Amino acid sequence: MPVDLIIWIGALIVAGLVLTWLLKVVKATITTAISVAIIILILQLAFGIGPDRLWQQIVQIPQIVWQLVTGK
C-alpha cells in the first residue's frame, strides 16, 4: 500500500469521527434549546413568570448555594 493511500484512509476516518461528533453536539444543542424554550413558554403562560424574572433567579443560584454550603 502506498503511503498516500494510508494517509488518505486515515484522514477519512478522522473526518468521519469529527463529523459524527459535530452532529451529536448540534443535536444536543438543538434539543437543549427547544427544552429551554418550552420551559420558558410554560412558565410564561401558566404562571406569568417572564424570562427576566427567571434569569434573575438563575443569577442568584450561586449565591444561594454558597449560603447553604457555608451556613450563613
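Quick note: structure is the one above.
All figures in this text were calculated on a predicted structure; none of them were measured in a lab.

Draft legend 1. Expanded view of the overall build of the protein chain. Along the backbone of the protein chain there are 2 helices and 0 strands. Relative to the compact-globule value of 11 Å for 72 residues, the protein chain shows a C-alpha radius of gyration of 23 Å, a clear excess of over 25%. When the accessible area of the protein chain is evaluated, it comes to approximately 6500 Å², of which 76% is carbon and sulfur surface.

Draft legend 2. Focus on the environment of leucine 41. Mapped onto the elements, leucine 41 comes out in helix H1 (residues 3-47). Placed 30 residues apart in sequence, leucine 41 and alanine 11 show a C-alpha to C-alpha distance of 45 Å.

Draft legend 3. How the structure looks around the environment of arginine 53. By the secondary structure assignment, arginine 53 is in helix H2 (residues 51-70). For arginine 53, a relative accessible area of 56% translates into the label exposed. Between the C-alpha atom of arginine 53 and that of valine 69, which follows or precedes it by 16 residues, the distance is 25 Å.

Draft legend 4. Quick look at H2. Taking 1.5 Å of rise per residue, 20 residues should cover 28 Å, and H2 covers 29 Å from first to last C-alpha, within 8% of that figure. At isoleucine 61, H2 is deflected by roughly 40°, the largest bend along its length, and proline proline 62 occurs up to four residues later in sequence.

Draft legend 5. How the structure looks around H1. Spanning 45 residues, H1 covers 65 Å between terminal C-alpha atoms, matching the ideal 66 Å at 1.5 Å per step. Looking at the residues trailing H1, positive phi occurs at glycine 48, about 70°.

Thresholds, definitions, all that
- Residues numbered from 1 in each chain as written.
- Predicted model: local features only at pLDDT ≥ 70, side-chain atom pairs only at ≥ 80, totals over all residues.
- Heavy atoms only, no water.
- Helix = DSSP H or I, 4+ residues; strand = E, 2+ residues; numbered from the N terminus.
- Rg over C-alpha atoms; globule rule 2.2 N^0.38 Å.
- Areas by Shrake-Rupley, 256 points an atom, 1.4 Å probe, with all protein chains shown as cover.
- Buried < 20%, exposed > 50% of the residue type's maximum accessible area, 1.4 Å probe, protein only.
- Expected span 1.5 Å × (residues − 1).
- Bend = angle between axes of the 7 residues up to and from the residue.

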